[in-house]
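# Descriptive structure summary
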Amino acid sequence: MGEVVYDVRKLKRARYAVAAVFCVHGAVTGSFATRVPWIQEHAGLSAGFLGLALAFPAIGASVAMPLAGWVSHRFGARTALRGLLALWTMALILPSLAPNLLTLCAALFVYGATAGMSDVAMNALGVEVETRMKKSIMSGLHGMWSVGALIGSAAGTVAAHLGSDARLHHALAAVTLTAIGLVACQGVLDLQAEAEEAAPPRFSLPPKSALLIGAVGFCAVFAEGASLDWSAVYLRDVLDSSAGVAAASTTGFTLTMAIARLAGDSVVDRFGSVRTVRVGGVVAALGGLLVVLAPHPALAMCGFAMLGLGIAVVVPLAFAAAGRSGPNPSQAIAGVATITYTSGLIAPSAIGTLADATSLVVSFGLVTVLACGLVAFAGVLRTESRETAVVASADATGAGTPGPRA
């Protein structure tokens, strides 16, 4: 039976390279988000039509993500990531060029499609490095995405404050981030499919394993989307807080998520994925309960911070579990990513619809219930690694076949 030996320095280099890719990916999102008001004004859209247009990135991502596995198989992981990441960074230019609703929807569809495919490719490579290093790194990688988003949003805030044209801002940002991304991709693992390995279908339904793992991610992303979009409104409307205090609740939620993700790998290595998610689910559920019962804005802010802390590592661990759940990590990750993107798409509107029918307090009661789902279903993240499956298969047949070649 053959055995593949991985150079430690090569793996460390690949880890830092993938971390840089995650940071670049997040910086694009942060750069775009800060200029949405400029884009709305440039396209002459009402708030309602802007909301319609902003649904198209998630639609584009959900449609295109299943393609990522086929692209990686056809061109190799490094080449695929290089191309997909460059398409994503350059797609940042498109929304600011759109003069009306129709063109903005088309631009945001492309923007979301390239975001989703590059997201799947970089997560698949991150899972591969984690598997070979035999230690958790996915939480830290997603923490680097949050760092990139903060950097991109900070630069966008400065650009908006200076009154710069978003077309110029996004063109400069796209060129800069494309260059950084291409350099970072040089260090990732150059995985190639085995000659006898069948190509995954261009489009396919998520495997059953991805559905179960995706359900856990769904709960976490629903809580994330609800908190990001509605925490400030909750403090303003339910607890009658000032605009500054309301905005600070969103900042606190985002900050606790970023810190928890950066520190999450050491926790996962010590306690394991399942126990970490269960404890996180308890923290998130207590945070949601505190939000629902809080008589004062300070307590509600603590509740939102606890929500961010509790759900922070769930999505990275869901991607890692998906990548270890079968022979085709890109396909499984695409399935989980599609489910989580869908959750992020429906969460804000679902919270608003339920709030109109009942109240925001009831809406966050639903968030609390979903956080309890993390405790109940965390066990699905306990999956057999692909490496173990390959060894078991080799022992049964008497011949070993190593995984993807680097």
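Since this is a predicted model, take the numbers as computed values, not measurements.

Turning to the environment of Gly60, a few remarks are in order. Relative to the assigned elements, Gly60 resides in helix 4 (residues 56–64). The buried category is assigned to Gly60, whose relative accessible area is 0%. Through-space distance from the C-alpha of Gly60 to that of Val110 is 6.3 Å; in sequence the pair is 50 residues apart. Filtering out sequence-adjacent residues up to four positions away, Gly60 remains in contact with Phe109, Gly112 and Ala113.

Let's shift gears to the layout of surface pockets. To locate leftover empty space, one rolls a probe as large as a water molecule over the atoms. Space inside the largest pocket adds up to approximately 2000 Å³. Along the wall of the largest pocket there are 47 residues; nearest its centre are Thr29, Trp145, Glu224, Leu228 and Asp229. Elements with a contribution of two residues or more to the lining of the largest pocket: helix 1 (8–33), helix 4, helix 8 (101–133), helix 9 (138–161), helix 11 (208–237), helix 12 (243–271), helix 15 (314–323) and helix 16 (329–357). If you tally residues by element for the lining of the largest pocket, the top one is helix 12, at eight residues. Partitioning the lining of the largest pocket into residue classes produces 28 nonpolar, 15 polar and four charged.

Right, let's get into the environment of Val274. As for its placement among the helices and strands, Val274 is situated in helix 13 (residues 273–293). Judged by its relative accessible area of 8%, Val274 is buried. The residues touching Val274, leaving out its near neighbours within four places in the chain, are Ala378, Gly379, Leu381 and Arg382.

Right, let's talk about empty space enclosed by the protein for a bit. Applying the stated criterion to the full structure yields one cavity of 30 Å³ or more. Estimates place the volume of the largest cavity at around 30 Å³. Lining the largest cavity are Phe32, Val36, Ile39, Leu50, Leu54, Leu104 and Leu108. Every element with two or more residues in the lining of the largest cavity is listed here: helix 2 (36–43) and helix 8. Across the lining of the largest cavity, the residue classes break down as seven nonpolar, no polar and no charged.

Ranked by internal contacts, the top residues of the largest apolar core, which has 112 residues, are Leu81, Leu125, Tyr234, Ile311, Phe364, Val367 and Leu374. Looking at this core element by element, the count peaks at 15 residues for helix 8. With residues near it in sequence (within four places) discarded, Leu125 still touches Val18, Ala77, Leu81, Val188, Leu189 and Leu191.

Taken as a whole, this structure holds four salt bridges when the rule is applied. A salt bridge links Arg324 to Glu130; the shortest N-O distance between them is 3.1 Å. In this pair, Arg324 sits in the loop between helix 15 and helix 16 while Glu130 sits in helix 8, placing the two residues 194 residues apart along the sequence. Side by side, Arg324 and Glu130 carry an identical accessibility label, which is buried. The salt bridge involving Asp237 is made with Arg236; its shortest N-O contact spans 2.7 Å. The exposure class of Asp237 is partly exposed, given its relative accessible area of 48%. The exposure class of Arg236 is partly exposed, given its relative accessible area of 47%.

Within the fold, Ser72 resides in helix 5 (residues 67–75). Leaving out residues up to four positions away in the same chain, Ser72 has contacts with Ala77, Ala80, Ala121 and Ser330.

Considering all chains together, one arrives at six aromatic pairs under this definition. Judged by centre distance (4.9 Å) and plane angle (40°), the rings of Phe32 and Tyr111 are tilted. You can see Phe32 sitting in helix 1 and its partner Tyr111 sitting in helix 8, a full 79 residues away along the chain. Where Trp88 meets Tyr111, the ring centres are 4.7 Å apart and the plane angle is 50°; that geometry is what we call tilted. With Trp88 in helix 6 (residues 77–91) and Tyr111 in helix 8, this pair connects stretches of sequence that are 23 residues apart. By relative accessible area, Trp88 is classed as buried at 1%.

What follows deals with the packing of helix 9 against helix 15. Viewed as axis vectors pointing N to C, helix 9 and helix 15 meet at an angle of 125°, and their least axial separation amounts to 8 Å. As far as their axial angle goes, helix 15 and helix 9 are oblique. Between helix 9 and helix 15 the crossing geometry is right-handed. Along its contact with helix 9, which presents Met138, Ser139 and His142, the element helix 15 presents Val315, Pro316, Phe319 and Ala320. Among the residues forming the contact of helix 9 with helix 15, the class breakdown is five nonpolar, two polar and no charged.

The rules behind each value
Residues numbered from 1 in each chain as written. Predicted model: local features only at pLDDT ≥ 70, side-chain atom pairs only at ≥ 80, totals over all residues. Heavy atoms only, no water. Helix = DSSP H or I, 4+ residues; strand = E, 2+ residues; numbered from the N terminus. Buried < 20%, exposed > 50% of the residue type's maximum accessible area, 1.4 Å probe, protein only. Contact = heavy atoms within 4.5 Å. 1 Å grid on protein atoms, 1.4 Å probe; cavity = no way out; pocket = protein on both sides within 12 Å on 5 of 7 lines; lining within 4 Å. Points joined across faces, edges and corners; volume = space filled by probe spheres on them. Nonpolar A, V, L, I, M, F, W, Y, C, P; charged D, E, K, R; others polar. Core = buried A, V, L, I, M, F, W, Y, C linked by side-chain atoms within 4.5 Å. Salt bridge = Lys/Arg side-chain N within 4 Å of Asp/Glu carboxyl O. Phe/Tyr/Trp six-rings, centres within 6.5 Å; stacked < 30°, edge-to-face > 60°. Axes fitted to C-alpha atoms, helices over the stretch in contact; angles between N-to-C directions. Parallel < 35°, antiparallel > 145°, perpendicular 65-115°, else oblique. Left-handed = near helix turned anticlockwise from the far one by under 90°.

Note that all results are geometric; they support no functional claim without further evidence.
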